[in-house]
Amino acid sequence: PPAPEQAAEKSLRTARGLGLGAAITGVVSVVFQGLALLSAVLIPSNADDWSAEGVVVWLMAAFMSIMIGPLLILLTWATSFGLALAACISANTRRSTPTPAQWAGIGGVTGGIIAASIFQGAPLTIIILTAANEGATGDSGPAAATAAILVAVALFFVHVVLISKLRTLGSGVGPGTAAPGRPGFT
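One structure accompanies this document, and this report is about it. (Residues numbered from 1 in each chain as written. Predicted model: local features only at pLDDT ≥ 70, side-chain atom pairs only at ≥ 80, totals over all residues. Heavy atoms only, no water.)

Some thoughts on the overall build of the chain
Secondary structure assignment for the chain yields five helices and zero strands. Counted from the first residue to the last, the chain has its helices and strands arranged as α-α-α-α-α. The proportion of buried residues among the 186 residues of the chain is 34%. Considering only residue pairs separated by 6 or more positions, the chain has 82% of its internal contacts joining residues 24 or more positions apart. Accessible surface, the chain as shown: approximately 10,500 Å² in total, 73% of it carbon and sulfur. (Helix = DSSP H or I, 4+ residues; strand = E, 2+ residues; numbered from the N terminus. Buried < 20%, exposed > 50% of the residue type's maximum accessible area, 1.4 Å probe, protein only. Contact = heavy atoms within 4.5 Å. Areas by Shrake-Rupley, 256 points an atom, 1.4 Å probe, with all protein chains shown as cover.)

Looking at the packing of aromatic side chains
Aromatic ring pairs are described here by two measures, namely the spacing of the ring centres and the angle between the planes. Inspection of every chain in the model, using the stated rule, returns one aromatic pair. Their ring planes at 75° and their centres at 5.6 Å tell us that F156 and F157 sit as a pair that is edge-to-face. (Phe/Tyr/Trp six-rings, centres within 6.5 Å; stacked < 30°, edge-to-face > 60°.)

Concerning the nonpolar core
Among the nonpolar cores identified, the biggest contains 18 residues, and I106, V109, I113, L166 and L169 are the most heavily contacted of them. Of all the secondary structure elements, the ones that give two or more residues to this core are helix 1 (4–45), helix 2 (52–91), helix 3 (106–119) and helix 5 (141–168). When sequence neighbours within four positions are dropped, the list of residues in contact with L169 reads R16, Q102, W103, G105, I106 and V109. (Core = buried A, V, L, I, M, F, W, Y, C linked by side-chain atoms within 4.5 Å.)

Description of helix 3
Look at helix 3: 20 Å from first C-alpha to last across 14 residues, which is about the 20 Å you get at 1.5 Å a residue. Along helix 3, the residues that are buried comprise I106, V109, T110, I113, I114, A116 and S117. The buried residues of helix 3 occupy an angular sector of 160° when the element is viewed end-on, so they sit on one face. Seen from the buried face of helix 3, the exposed residues on the opposite side, beyond 90 degrees, are G108 and F119. (Expected span 1.5 Å × (residues − 1). Arc of directions from axis to C-beta.)

Here it is in C-alpha cells:
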C-alpha cells in the first residue's frame, strides 16, 4: 500500500485534475452561451436580408439557438458542476497527513470553481426570464441581452483565472515541494 503522504498527493492531484476539467468545461459552456447570445442579437439585425444565403444563415442560426444550443449549454453546465463538486469534495476531504505546502490553496480554488459553475448558467437564465416575463421585444430586452453578454464575459475571465490558479497548485518551488519519499517533502 502507498504511504499516507503518497495517498494525499495522489488525492490532491486527482482534485486538481477534476477542477481543471470543471473549469475547462465551464469555459466551453460560457463560450456556447456567448455565441448563443450573440446569434440572438445578430439574427434580428440581419432580418432584412432575404437572399438565399441570408435565409440559410438565419435558419441555421435559429436552429442552433433553439434546438442544439440549449442542449449543449445544459450538458456542459451539468458536467462542469459535477466535476467541480467532485473536485471540491476531494480537495476538502480530511487526510491523516497534513497537506503538502504546494497544495495549500486547493480547497479555496475548488470552492471558487464550484461557485463559478453554479453561476455559469446566469447569462442564459437572464435571457430566458426576460423573454418569459415581457418578451424579447420589450423595453428591457436589449438591456438584458447586454447584461447577459457582460456576465458571460465576466464568467469567462473568472474561469480563466481559476484555470491558471489550478495549474500552479502542486508545482511550487521551495520547501515541501518534492515528491513523497524524497527530501523536501513536508
